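# An overview of the molecular structure
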Protein chains: 2
Amino acid sequence: MESSGCSICLLKSEVVKDLDTSELNTLGKSCVEAVFKKGETIFKQNALSSNIIYLQTGLVKLMIEGPQRIQILRLKKAPCYLGLPTTMGDKINNYSAVAIEPVSACFIDINVFKNLLRINPDFSYEIIIELCKNELKQFHRCVKLVQNEIYGRLAGNLLYFADEIYQSQEYKLPLSRSEIADMVCTSRETVSRILNSLAKDGIISISGKQIKILNKSLLEKISEKG
Amino acid sequence: MESSGCSICLLKSEVVKDLDTSELNTLGKSCVEAVFKKGETIFKQNALSSNIIYLQTGLVKLMIEGPQRIQILRLKKAPCYLGLPTTMGDKINNYSAVAIEPVSACFIDINVFKNLLRINPDFSYEIIIELCKNELKQFHRCVKLVQNEIYGRLAGNLLYFADEIYQSQEYKLPLSRSEIADMVCTSRETVSRILNSLAKDGIISISGKQIKILNKSLLEKISEKG
DNA sequence: ATAAAAATATGATGTTTATCACATTTTTAA
DNA sequence: TTAAAAATGTGATAAACATCATATTTTTAT
């Protein structure tokens, strides 16, 4: 199905504001929209990467096969690009993307995307800035993951959901206990134990997947100190 | 001290081959060379970032303050750019760079660099590719660091030195045991123990900082399986 | 060359957290 | 609505590794 509405939806994006109308039309002609249900794979690790994906709505988890188990690298929330590093950096996807909420996305052919970069330096520049910011965030995420104990790692992720995904101190966890374990690299059981322990201490309240942060400053302290 | 030799030294770089002579001259006029001894800081975390640095010769460690301790993110070997993500991605350095071998480097003003990106789309494109490749590598490094046990992490780093830094199965460790601990996120003592254990098993030989990989396939197996 | 400082080695002990085992709750599908 | 499947909770045990305590070796500076 072909989309001619790129100029409408893409203009919302920070990065795409640098494209002019004719450029957006080029994009529109080679842009294919698709929707994904929760749990569906958008692209798969080790498959050939030939598209840049613009995530219009929804929430996605990026997963990579580690030496021991699957690791959830991060979540990606619309609107944003999906698969930039893996499509531009390698022929083959270095990680998978799976919808964890209903997703609508636009598949842009890699050659069309590359051409946009070539004809529009401002667009290139914005992409460079975005890549740099992502790398910095990735450094910080990695260091926290490696150095903190599980209490701190889990606390950090609860704050990440609140501040960066939902912009609310009360939210429904987008992941199961087992997926959270894949994100903070621990066992399913330990996630249960620590969530319940944080609730017992009055720092959060839990009811199934519903989470409410009650004592944010303490949660931040746990996240920072380990 | 002003350098007019950019066109000579920079042309060796993959990325810079896309600049033409007049662009290289612009670069040369605003380029300041500097040398650093082992142990000297090239740029410091939390300081204002206003330069892109082209590393001409030498070896550098990138260090970031974690919640518990200093973490060595990776080494950077000349010729390459230094500080791209932190200079383009934030006003302030998100990590430090310290010479671990004598270094000569060229400091390029950020505005001059940005202008080069703007006037030369091929150059932008190469930078984008480099950033993407770096991010993919960082993903893999992070997952190994988080999931593997120390044997695997240390084995991985011995291979990293051999294959990516020295291109030789025999080399002098560029870091102390304590710095290696900062790289694989363990204690100084554990690094000692495991290096000696690998030597006792005949997988490597050690004499001070001199390392020789004797059984590479086994070391690779340890690195991959944990 | 020699003393002082730094780096490295190695054993003993304790903590964190994984794993196993099983119970309970929630969700899904017929 | 009910049975089956999936997700979650919780205790007991075990393993990996940090930390502490010294001892020894190597490097540095005079």
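Everything below is about the structure shown above.
Description of the structure in this document. Everything quoted here is computed from the prediction, not taken from an experiment.

So, on to the protein's contact with DNA strand D. Among the 17 residues in the neighbourhood of DNA strand D, the closest are listed as Arg 177, Arg 188 and Ser 192 of chain A together with Thr 186 and Thr 190 of chain B. Counted by atom, the contact set of DNA strand D within 4 Å of the protein is 53% sugar and phosphate. In the environment of DNA strand D, a phosphate oxygen lies 3.3 Å from a nitrogen or oxygen atom belonging to the side chain of Ser 187 of chain B. In the model, a base oxygen of DNA strand D is placed 3.0 Å from a nitrogen or oxygen of the Arg 193 of chain B side chain. At the level of secondary structure, the elements contributing two or more residues to the surface near DNA strand D comprise helix 7 (177-184) and helix 8 (188-200) of chain A together with helix 8 (188-200) of chain B. No other element matches the 5 residues that helix 8 of chain A contributes to the surface near DNA strand D. Per-class residue counts for the surface near DNA strand D are 2 nonpolar, 7 polar and 8 charged.

A separate point is the protein's contact with DNA strand C. Residues in close proximity to DNA strand C total 17 residues, the closest being Thr 186, Thr 190 and Arg 193 of chain A together with Arg 188 and Ser 192 of chain B. A distance of 3.2 Å separates a base nitrogen of DNA strand C from a polar atom in the side chain of Glu 189 of chain A. Ser 192 of chain B places a side-chain nitrogen or oxygen 2.7 Å from a phosphate oxygen of DNA strand C. Elements with a minimum of two residues in the surface near DNA strand C: helix 8 of chain A together with helix 7 (177-184) and helix 8 of chain B. For the surface near DNA strand C, the per-class residue count stands at 2 nonpolar, 7 polar and 8 charged.

Let us now look at the sheet that holds strand 11 (residues 210-213) of chain B. Residues and elements named next belong to chain B. Read from one edge to the other, the open sheet built from 3 strands follows the order 9-11-10, with strand pairing classed as antiparallel. One side of each edge strand has no neighbouring strand; the edge strands of this open sheet are strand 9 (170-172) and strand 10 (204-207). Along the sheet, successive strands turn relative to each other by an average axial angle of 15 degrees, direction set aside. Pairing geometry for strand 9 and strand 11, over 3 bridges, is antiparallel. Looking at strand 11, one finds that Lys 172 is bridged to Gln 210.

Moving on, we come to unusual backbone geometry. In this structure, Pro 79 of chain A follows Ala 78 of chain A across a cis peptide bond, with omega equal to -5 degrees. The phi angle at Asn 46 of chain A is positive, at roughly 80 degrees, despite the residue not being glycine. Non-glycine residue Gln 167 of chain B carries a positive phi angle of around 50 degrees. Assignment of secondary structure puts Gln 167 of chain B in the loop between helix 6 (150-166) and strand 9. Gln 167 of chain B sits in the exposed class, given a relative accessible area of 53%.

Reading guide: rules and limits
Within any chain, residue numbers begin from 1 and follow the written order of that chain's sequence. A letter from A marks each chain and a number from 1 marks each ligand, given out in the order of writing. Reporting of local features is limited, given that this is a predicted model, to residues whose pLDDT is at least 70; pairs of side-chain atoms are given and counted only at 80 or more, and all residues count toward the totals for whole chains, interfaces and linings. Working from all heavy atoms in the structure, the side-chain values ignore hydrogens and water. We call a residue near a molecule or strand as soon as one heavy atom of that residue lies within 4 Å of the molecule or strand. Under this definition, polar contacts are N or O atom pairs within 3.5 Å; protein pairs additionally need one hydrogen-donor-capable and one acceptor-capable atom, and for neighbouring residues in sequence, both atoms have to be side-chain atoms. Secondary structure elements are taken from DSSP: a helix is a run of H or I of four residues or more, a strand is a run of E of two residues or more, and numbering for both begins at the N terminus. Three classes are used, and their members are as follows: Ala, Val, Leu, Ile, Met, Phe, Trp, Tyr, Cys and Pro are nonpolar, Asp, Glu, Lys and Arg are charged, and the others, Gly among them, are polar. Two strands qualify as a pair provided that DSSP identifies no fewer than 2 bridges between them. All axes are obtained by fitting lines to C-alpha atoms, using only the stretch in contact for helices, and the reported angles, taken between N-to-C directions, cover 0 to 180 degrees. For each residue, the accessible area found with a 1.4 Å probe, counting protein chains only, is set against the maximum for its type, and the residue is called buried under 20%, exposed over 50%, and partly exposed in between.

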